[in-house]
Amino acid sequence: MGQPQTKDKKAAEAAHQLVVTDPASKTSWTLSTPAPASGVSAGPSHSAFVVLPSGGNAETLTVLDNRTNKVYTLPVANGTVEAKAFSQMGLRVYDAGYLNTAVTRSKICEIDGEKGILQYRGYPIEELAEKSSFLECAYLLIYGELPSRKQFDLFEHEVLHHTFVHEKLADLVKSFNYDAHPMGMVIATMAAMSTFDPAGNPALAGSDIYVRDKALRNKVIFRILGRMTTIAAMAYRNRIGRPYNKPLEGLSYTENLLYMMDCLGQPGYRPNPKLAKALDVLFILHADHELNASTAAMRHLGSTLVDPYSAVAGAAAALYGPLHGGANEAVVRMLESIGSVDKVPAFIESVKRRETKLFGFGHRIYKTTDPRANIIRRLAYDVFEVVGYNPLIDIAVALEKHAMADEYFIKRKLAPNLDFYSGIIYSAMGFPTDFFPVLFAIPRVSGWLAHWSESLDDPEARIWRPRQVYVGEGKRNYVSIDHRPPTDEIKTHSIKHPFSKRSGVATWTGKRENKL
């Protein structure tokens, strides 16, 4: 028999007991805390989660909170647990960069990163690239099904007949400096489009106009899809000092883009059909890619019910970032810096020594291979047959071959992605490298609009408002500037310009010493 326990000893043991409660019957059991392993000193319990096997519903997660000795059963649906379930424990889920956070339920695009699978509405990207067209894929993404002939003809007609822009929008593009980045011009012009459509501005016409009026929603979809190519072509022509070409009747979506960019007044000008087809395939591959940075921005902005022109401009701004839409440009510059096939092994070694960055390899989602990369590699040779061979392809193939045979890259699951070969094709077709993000944005508009439209019909839709973990100072009392400790640290620096030297030595009434 054990010795009688004192009151203090009983309280100490109770503090280290585990209380398990059945949420259904509210019955509780008190279990003793397991003894520490041999060689491990008994100390205070760490705050941690222990996942226990469930004896009931397999689609649940049982969590033990060691801070409170409480057990929680959380429902699991579609491989996810609702983050708000942790609020009952006094916790938030921290996920820097959204590495493992799902913020919406979507039927648009599915990616299986482990198997290297990409599907639009259930259709494999390989089949769509081979058999479909960009506008047909745009219809699929936005409306959920492949169109019938009648449906497609109407959709194509509406998109291609909404390509003309207001003359004042054209004047806006003309006002940009000759060396303005094309993507900056596209973003600004798309945002300005909202000012030409007051009936489509929720701030003026009602916050829920696109929720309740599907016809208005379709109208703005036609306008944005149709005018995106016109805006892109105007930005390109502005850079080279050429007058704008108006959209031409009877051309396909990609043919019209090439016509507006390249025609110099030649009668009967028609873009090469093989290049137009190659661009169409590239547009299919770029049309959507689940909840990437720019699409997340589109949904985030759309959750405020802002007009879709502004939301698309914001999404395009996210795409403008070098970590998103600028990757294929970085690939071309990397291949150019390598110079020749014989220098590839040395480049590989410099990457392994972390002396050089490798662009176009690896993907946060794909852990094996990017299915789009295989399609685009074959497409490159079709383009070369028309415009001539691009020697960068030899360097790219050699780089892929060496990397895929090297344990360093295999272990890290670094395989070529879409950006690795797309930049080579765009370069071979004569597009300037700073125009690559625009060629990315044009087709991605279809994906952005699909996600925007889906979010409007989502019964769980609400404004996106992530939380933060505050790690700053606690409450502090204000100290007047004359009583703060002196410091020589300068956190803001004066901006100097060549004319500052002249102005600095000039005199004027009220001039302060050492200040302009």
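Residues numbered from 1 in each chain as written. Predicted model: local features only at pLDDT ≥ 70, side-chain atom pairs only at ≥ 80, totals over all residues. Heavy atoms only, no water.

**Considerations on the side chain of Asn 201**
Locating Asn 201 in the fold gives a position in the loop between helix H6 (182-193) and helix H7 (202-205). Setting aside chain neighbours within four positions, we find Asn 201 in contact with Gly 206, Ile 209 and Asp 307. (Helix = DSSP H or I, 4+ residues; strand = E, 2+ residues; numbered from the N terminus. Contact = heavy atoms within 4.5 Å.)

**Examining the pairing of strand E6 (residues 109-112)**
Alternating positions in E6 separate cleanly, Cys 109 and Ile 111 being buried on one face and Glu 110 and Asp 112 remaining unburied on the opposite face. Relative to strand E7 (residues 117-120), E6 is paired through four bridges, and the arrangement is antiparallel. Considered in E7, the bridge of Ile 111 is made with Leu 118. The turn joining E6 and E7, which pair antiparallel and follow one another in sequence, is formed by four residues; a positive phi near 70° is taken by Gly 116. (Buried < 20%, exposed > 50% of the residue type's maximum accessible area, 1.4 Å probe, protein only. Pairing = 2+ DSSP bridges.)

**Looking at the sheet that holds strand E8 (residues 123-124)**
If you walk across this open sheet you meet the three strands as E6-E7-E8, and the pairing is antiparallel. At either end of the open sheet lies a strand with only one pairing partner, and these are E6 and E8.

**Quick look at the pairing of strand E4 (residues 60-65)**
Along E4, five of the six residues are buried, which leaves the element largely enclosed by surrounding structure. Where E4 meets strand E5 (residues 70-75), six bridges bridge the pair, whose relative direction is antiparallel. Paired with Leu 61 across the two strands is Leu 74, which belongs to E5. Linkage of E4 to E5, two consecutive antiparallel strands, is achieved through a turn of four residues, within which Asn 69 is found at a positive phi near 60°.

**Looking at the pattern of salt bridges**
Going through the model one piece at a time under the given rule, you end up with 16 salt bridges. Arg 105 is paired through a salt bridge with Glu 460; the nearest N and O atoms lie 2.8 Å apart. Residue Arg 105 is located in the loop between E5 and E6, and its partner Glu 460 is located in the loop between helix H20 (436-456) and helix H21 (498-505); the two are separated by 355 residues in the primary sequence. Of the residues examined, Glu 460 reaches a relative accessible area of 42% and is grouped as partly exposed. Arg 333 is the partner of Glu 329 in a salt bridge, and the nearest nitrogen-oxygen pair spans 2.8 Å. Note that Glu 329 and Arg 333 are positioned in helix H14 (residues 327-338) at a spacing of four residues, about one turn of the helix. Here the residues in one salt-bridge network are Glu 349, Lys 352 and Asp 406, joined through shared partners. (Salt bridge = Lys/Arg side-chain N within 4 Å of Asp/Glu carboxyl O.)

**A look at a nonpolar patch on the surface**
On the surface, Tyr 94, Val 469 and Val 471 cluster together into a nonpolar patch covering about 390 Å² of accessible area. Relative to the assigned elements, Val 471 resides in the loop between H20 and H21. On the basis of relative accessible area, Val 471 is assigned to the exposed category, the value being 75%. (Patch = residues over 30% accessible without salt bridge, like charges linked within 9 Å, V, L, I, M, F, W, Y side chains within 5 Å. Areas by Shrake-Rupley, 256 points an atom, 1.4 Å probe, with all protein chains shown as cover.)

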